[in-house]
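Remarks on the overall topology
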Amino acid sequence: MVDEQWHGENQKYVSRRIVITKSQFNGRYLSDLKLRNNFAVNVIRVNRAGVDLAPSATLRLQLGDRLTVVGDESALQDVSNLLGNTMKRLREPNIIPIFIGILLGVLVGSIPFYFGSIPQPVKLGLAGGTLVVAILLGRFGPQCHLITYTTVSANLMLREIGLALFFAGVGLSAGQGFVETIVDGGGWKWIGYGVIITVLPLLIVGIIGLKWCKVDYFTLMGMIAGGTTDPPALSFASHTSPNDLPAVGYTTVYPLTMFLRVLTAQLLILLVA
């Protein structure tokens, strides 16, 4: 909680950060609170997951949003009681939405799509289907009063478990015969091709983004990590950066890159076969 004071002619104003911890306000518009009419206070900033949002009447609030409110100290206390402002509530992870998202993601990923005269269907798969559902839940979940807030510790735990399972799956599937393929099967050529295909486009995009599009360095780090759909690269960028710009840049390009990778790979296999 941050308090700052402004001294007017006859009144003292305080700025306080208040956290929404009551579930009944999840998905409600900021204008529905009527804070200015009922308490004579103003919301000057809304912080969600480390990202500052401009307060507007049509902004949908979510559990865990941090509102920077300016007004009389007694009025701010009333607003605090109204919205909850109980940090203990945020320490409780919401498990049900996570498993709903995973279940729906598996179902969506198994739906076949047909393109033209190609006889075999194309599927989004587990990664693509889960990503689509996650985006839809993030966009429309608050409107359905679905609480999608997850504690930071739970989020980091799921992220690390996901990375560990991903690397374990890749290692188990590719480990058998890996050395023989590299040494005797000409695999080193494919590694070289992979390095060129991966590094060269990223260098071109990075130079264009930095020199011509004037994208700041930290956002560009996240965009490059998202362009490779590489969570370890995002983790490195986040630890290097003093802000959340790499995560923002990552999320802007990751969905499109994931869709293109899943669909293009399957289409190429079907066309070649």
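Here the structure is shown first, and the text comes after it.
Criteria and cut-off values
Residues numbered from 1 in each chain as written. Predicted model: local features only at pLDDT ≥ 70, side-chain atom pairs only at ≥ 80, totals over all residues. Heavy atoms only, no water. Helix = DSSP H or I, 4+ residues; strand = E, 2+ residues; numbered from the N terminus. Rg over C-alpha atoms; globule rule 2.2 N^0.38 Å. Buried < 20%, exposed > 50% of the residue type's maximum accessible area, 1.4 Å probe, protein only. Contact = heavy atoms within 4.5 Å. Core = buried A, V, L, I, M, F, W, Y, C linked by side-chain atoms within 4.5 Å. Pairing = 2+ DSSP bridges. 1 Å grid on protein atoms, 1.4 Å probe; cavity = no way out; pocket = protein on both sides within 12 Å on 5 of 7 lines; lining within 4 Å. Points joined across faces, edges and corners; volume = space filled by probe spheres on them. Phe/Tyr/Trp six-rings, centres within 6.5 Å; stacked < 30°, edge-to-face > 60°. Expected span 1.5 Å × (residues − 1). Patch = residues over 30% accessible without salt bridge, like charges linked within 9 Å, V, L, I, M, F, W, Y side chains within 5 Å. Areas by Shrake-Rupley, 256 points an atom, 1.4 Å probe, with all protein chains shown as cover. Salt bridge = Lys/Arg side-chain N within 4 Å of Asp/Glu carboxyl O. Polar contact = N/O pair within 3.5 Å; in protein donor to acceptor, adjacent residues only side chain to side chain. Axes fitted to C-alpha atoms, helices over the stretch in contact; angles between N-to-C directions. Parallel < 35°, antiparallel > 145°, perpendicular 65-115°, else oblique. Left-handed = near helix turned anticlockwise from the far one by under 90°. Nonpolar A, V, L, I, M, F, W, Y, C, P; charged D, E, K, R; others polar.

With that settled, consider the overall build of the chain. Scanning the chain for helices and strands turns up 12 helices and 5 strands. Its C-alpha atoms give the chain a radius of gyration of 24 Å, clearly above 19 Å, the size a compact globule of 273 residues would have. Taking the principal axes of the C-alpha coordinates as reference, the chain spans close to 85 × 40 × 35 Å. A buried classification covers 29% of the 273 residues belonging to the chain. Looking at the chain alone, contacts between residues at least 24 apart form 68% of all its contacts between residues at least 6 apart.

Another point: the nonpolar core. Leu33, Val41, Val43, Leu67, Val69 and Leu83 are the most contacted members of the largest nonpolar core, which has 18 residues in total. For this core, the secondary-structure elements that each account for two or more residues are β2 (12-19), α1 (30-33), β3 (42-48), β5 (66-72) and α3 (73-83). Top element by residues in this core is α3. It accounts for 4 residues. Once you skip the residues sitting within four places of it in the chain, Val43 turns out to touch Leu30, Leu35, Pro55, Leu67, Thr68 and Val69. Among the nonpolar cores identified, the runner-up in size contains 7 residues, and Ala225, Tyr250, Met258 and Val262 belong to it.

Of all the 7 residues making up β5, 5 are buried; the element is thus mostly covered by neighbouring parts of the structure. Sheet topology note: the β2/β5 ladder contains 7 bridges and is antiparallel. Note that in β5 the partner of Val19 across the bridge is Arg66. Taken together, the 5 bridges between β3 and β5 define a ladder with antiparallel strand orientation. When the sheet's bridge partners are listed, Arg45 is paired in β5 with Thr68.

Let us now look at the layout of surface pockets. By volume, the second largest pocket is sized at about 240 Å³. Leu30, Ser31, Lys34, Leu35, Arg36, Asn37, Val41, Asn42, Val43, Pro55, Ser56 and Ala57 together form the lining of the second largest pocket.

What follows deals with the packing of aromatic side chains. Summed over the entire model, instances satisfying the criterion amount to 2 aromatic pairs. With a centroid separation of 5.6 Å and 85 degrees between ring planes, the pair formed by Trp190 and Tyr193 is classed as edge-to-face. Of the two residues, Trp190 and Tyr193 are both situated in helix α9 (residues 187-211); the distance of 3 residues between them amounts to about one turn of the helix. Classification of Tyr193 by relative accessible area gives partly exposed; the value is 43%.

In this sheet, strand β4 (residues 51-53) lies alongside β3 in antiparallel orientation, the contact comprising 3 bridges. When the sheet's bridge partners are listed, Val46 is paired in β4 with Leu53. Here β3 folds back onto β4, and the loop between the two strands holds 2 residues, one of which, Ala49, carries a positive phi near 55 degrees.

This next bit is on helix α6 (residues 125-140). A rise of 1.5 Å per residue sets the reference length of α6, with its 16 residues, at 22 Å; its end C-alpha atoms lie 22 Å apart and thus fit the reference within 8%. Among the residues making up α6, those that are buried are Gly128, Gly129, Leu131, Val132, Val133 and Leu137.

Now for a nonpolar patch on the surface. Together, Ile196, Leu200, Ile204, Ile207, Ile208 and Trp212 line one region of the surface with nonpolar side chains, adding up to about 630 Å² of accessible area. Here Ile208 shows up in helix α9. On the basis of relative accessible area, Ile208 is assigned to the partly exposed category, the value being 38%.

Another aspect to go through is unusual backbone geometry. At Lys34, a residue that is not glycine, the phi angle is positive and equals roughly 50 degrees. In this structure, Lys34 sits in the loop between α1 and α2 (35-39).

Its location among the elements puts Asn47 in strand β3. Of note is the side chain of Asn47, whose polar atom sits 2.7 Å from the side chain of Asp52. Discounting chain neighbours no more than four positions away, the residues touching Asn47 are Asp52, Gly64, Asp65 and Arg66.

Turning next to the packing of helix α5 (residues 95-109) against α6. At their nearest, the axes of α5 and α6 sit 7 Å apart, and the two run at 130 degrees to each other. The angle between α5 and α6 places the two elements in the oblique class. Helix-helix and strand crossings are classified by hand; for α5 and α6 the assignment is right-handed. Every residue of α6 that contacts α5 at Pro97, Gly101, Leu104, Gly105, Val106, Val108 and Gly109 is listed here: Gly125, Leu126, Gly129, Thr130, Val133 and Leu137. Of the residues in the contact of α5 with α6, the class split is 7 nonpolar, 6 polar and no charged.

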